[in-house]
Amino acid sequence: MLCSFTVLGNLFIIYVIIRKRTLHTSKYYYIISLAFADLIVGLIVMPFSSIFILADDEYWLFSPYLRFLCDIWHAIDIFASTASILGLCTIGIDRYVVIKKPIQYPTSFISKRWHLMLSFTWVCSALISFPAILYWGTKQPVLDDTPVSLLEQCDMPNNAYYILFSAMASFYIPLFLMIYVYVKIYLAARNQTLALYSGYKHQHHRIRISKSVANSFHQKESSSEENTKLDLSQVDDQIILRIHRGTYQKPKVDVQTEKIPAKRRKCQGKFWRTLSNTQKATSFIGLVMGTFLFCWFPYFFYLVLSGAFNVRLKNDHHHEVLYNILTWLGYSNSALDIIVYVSTSAELRTAFFEYLFYFCIEKK
């Protein structure tokens, strides 16, 4: 059931984004890449893992001449999981630029060169997964007293160096990057909210305006009678943006003590709804990263402890059961991402249910 939901859900997400022209933006291209990585997990990784668990002891059920497929399967497992993790990092960076530089975002590198970012993500995933598996392999060392059943297993490589390399490259390094990006997103969102409340936003970009240009700007501005105004004043190297809505009113220093008219109070809900992009970006990244940590952190934590430092459950059967549970908890992230996409993006949610109802009506 989990495998079917992962495959069908991610396929439908990809289909909806491709068909809906309004979703043809870099944000949703990154989501397509992440959905495709999750699709590989559901289409290739999960079915074989199910077979090995149901067959007990992960026996290789196919011909010995096809033993190399075991290595390829493990490589695809690491490849898709790494692509999914790096895809989350890319989405985090994309959302950070949206919040930090909303005006420059459409012309930014991560928005215009999204295909290069995605190519880098998939190439890095391939370099992390396939060469390492081909070098260390999944075959157990053949000793005189090695049982035949062990030689028929399709286990992950038990080399300590490989486990450390895989865990660091596929999980821990991207995790630290994701945490750093999310902290930056939170701080940027907080500063954005404070600026909107206070009516001032301090910019520290490398913008230089001469006094003559600033004076001429203010002279032109003072003669203008437009409802929406943007004042620029320069203090040393700092630019202060004054945010005004409606008829210009001189902002007070203490915003909390300002008396808000009843009509303006009624419009506050509508005003803050127009500023929900920042909150949506923050909640999206927070939900995605929280789901990712919940699903994958237990697996990689126990993998390093048991594989690299030999800290594990003493009972082999209990160890295998725990390892399988944590593995499938990680796989479930590919299914939970579907729910995250639909619940955090109003545009994608609307298009998703629109096409879903369309197919249901057509079948009837």
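Residues numbered from 1 in each chain as written. Predicted model: local features only at pLDDT ≥ 70, side-chain atom pairs only at ≥ 80, totals over all residues. Heavy atoms only, no water.

**Looking at the overall build of the protein chain**
How we decide: For the purposes of this entry, the term helix denotes a DSSP run of H or I that reaches at least four residues, the term strand denotes a run of E that reaches at least two, and both are numbered from the N terminus. Note on definitions: a residue-residue contact is assigned when non-hydrogen atoms from the two residues lie within 4.5 Å. The accessible surface values rely on the Shrake-Rupley method and a 1.4 Å probe; as for residues, cover is taken only from the protein chains in view.
Across its full length, the protein chain carries 14 helices and three strands. Taking the intrachain contacts of the protein chain between residues at least 6 apart in sequence as the baseline, contacts between residues at least 24 apart amount to 75%. Of the accessible surface of the protein chain, which amounts to about 21900 Å², a share of 64% is contributed by carbon and sulfur atoms.

**What about the environment of F12?**
Structurally, F12 can be placed in helix α1 (residues 2-19). Along the chain, F12 and Y355 lie 343 residues apart, while their C-alpha atoms are 9.0 Å from each other. Aside from chain neighbours lying at most four places away, what touches F12 is F352, Y355, L356 and F359.

**Looking at the packing of α1 against helix α13 (residues 333-344)**
So the rule is basically this: A fitted line through C-alpha atoms represents every axis, and for helices the fit uses only the stretch in contact; the resulting angles, taken between N-to-C directions, go from 0 to 180 degrees. An angle below 35 degrees is treated as roughly parallel, one above 145 as roughly antiparallel, one from 65 to 115 as roughly perpendicular, and anything else as oblique. For any helix crossing, the convention is left-handed if the near helix is rotated counterclockwise from the far helix by under a right angle, and right-handed if that rotation is clockwise. Polar here means any residue other than Ala, Val, Leu, Ile, Met, Phe, Trp, Tyr, Cys and Pro, which are nonpolar, and Asp, Glu, Lys and Arg, which are charged; Gly is therefore polar.
Look at α1 against α13: their axes get within 8 Å of each other, and the N-to-C directions meet at 40°. As the angle between them shows, α1 and α13 are arranged oblique. The handedness of the crossing between α1 and α13 comes out as left-handed. Packed against α1, whose contacting residues are L2, F5, T6, G9, N10 and I13, the element α13 presents S334, A335, I338, I339, Y341 and V342 at the interface. Split by residue class, the contact of α1 with α13 holds eight nonpolar, four polar and no charged.

**Examining the confidence of the model for the protein chain**
As a reminder of what qualifies: The quantity known as pLDDT measures the predictor's confidence residue by residue, on a range of 0 to 100.
Scored by pLDDT, the protein chain has a mean of 76; 68% of the residues are at 70 or more. Within the protein chain, the lowest mean pLDDT, 45, falls on strand β2 (residues 230-235), and the highest, 94, falls on α1. Within the model, pLDDT remains below 50 along residues 246-251, and this stretch shows nine contacts once partners closer than five positions in the same chain are excluded.

**A closer look at the UniProt feature "transmembrane region" (unreviewed entry) in the protein chain**
Let me state the cut-off plainly: UniProt positions are given in the numbering used here, feature names are shortened, and annotations may be inferred rather than shown by experiment.
UniProt annotation of "transmembrane region" (unreviewed entry) refers to residues 28-52, 72-93, 114-136, 160-183, 281-301 and 321-342 when read in the numbering used here. Along residues 114-136, the helical share is 100% and the strand share 0%, with 34 Å between the first and last C-alpha atoms.

**Topic: helix α5 (residues 114-136)**
Definition in use: Here the expected length of a helix is defined as 1.5 Å per residue gap, with one fewer gap than residues. Only protein chains enter the accessibility calculation, which uses a 1.4 Å probe; a residue is then buried when its area is under 20% of its type maximum, exposed when over 50%, and partly exposed in between.
Over its 23 residues, α5 extends 34 Å from the first C-alpha to the last, a length consistent with the 33 Å expected when each residue adds 1.5 Å. Those residues of α5 that sit buried are M117, L118, T121, W122, S125, I128, S129, A132 and I133.

**Quick look at the packing of helix α2 (residues 26-54) against helix α3 (residues 68-100)**
In helix packing, the relevant descriptors are the interaxial angle and the interaxial distance, both defined with respect to the helix axes. As a packed pair, α2 and α3 sit with axes 9 Å apart at the nearest point and diverge in direction by 155°. Viewed along their axes, α2 and α3 adopt a mutual orientation that is roughly antiparallel. Along this stretch, α2 crosses α3, giving a crossing that reads as left-handed.

**Things to note about α3**
The end-to-end C-alpha separation of α3 is 48 Å, in line with the 48 Å expected for 33 residues at 1.5 Å each. Of all 33 residues that make up α3, 27 are buried, and the element is covered over most of its length.

**A short note on the side chain of D77**
By the secondary structure assignment, D77 is in helix α3. When near neighbours in sequence (up to four residues on either side) are disregarded, D77 contacts V45 and Y331.

**Considerations on unusual backbone geometry**
Even without a glycine there, the phi angle at N310 is positive, about 55°. In this structure, N310 sits in the loop between α11 (276-307) and α12 (316-331).

**Details of the environment of W122**
By secondary structure assignment, the location of W122 is in helix α5. For W122, a relative accessible area of 18% gives the class buried. Along the sequence, W122 and G87 sit 35 residues apart, while their C-alpha atoms lie 8.7 Å from each other. W122 has contacts with S33, F36, A37, I40, F79 and A83, leaving out every residue within four places of it along the chain.

**Regarding the pattern of salt bridges**
Heads up, the rule is: Here, a salt bridge means any side-chain nitrogen of Lys or Arg that lies within 4 Å of a carboxyl oxygen of Asp or Glu.
This model, assessed by the stated rule, comprises three salt bridges. Across the salt bridge formed by K20 and E354, the nearest N and O atoms sit 3.3 Å from each other. Linking K20 in the loop between α1 and α2 with E354 in helix α14 (residues 346-363), this pair joins segments that are 334 residues apart in sequence. Here E354 falls in the partly exposed class, since its relative accessible area comes to 41%. Notably, a salt bridge pairs D94 with R95, separated by 2.6 Å at the nearest N-O pair. Like D94, the residue R95 is buried in the burial classification.

**Focus: the side chain of S111**
Mapping S111 onto the fold places it in helix α4 (residues 109-112). With residues near it in sequence (within four places) discarded, S111 still touches S26, Y105 and P106.

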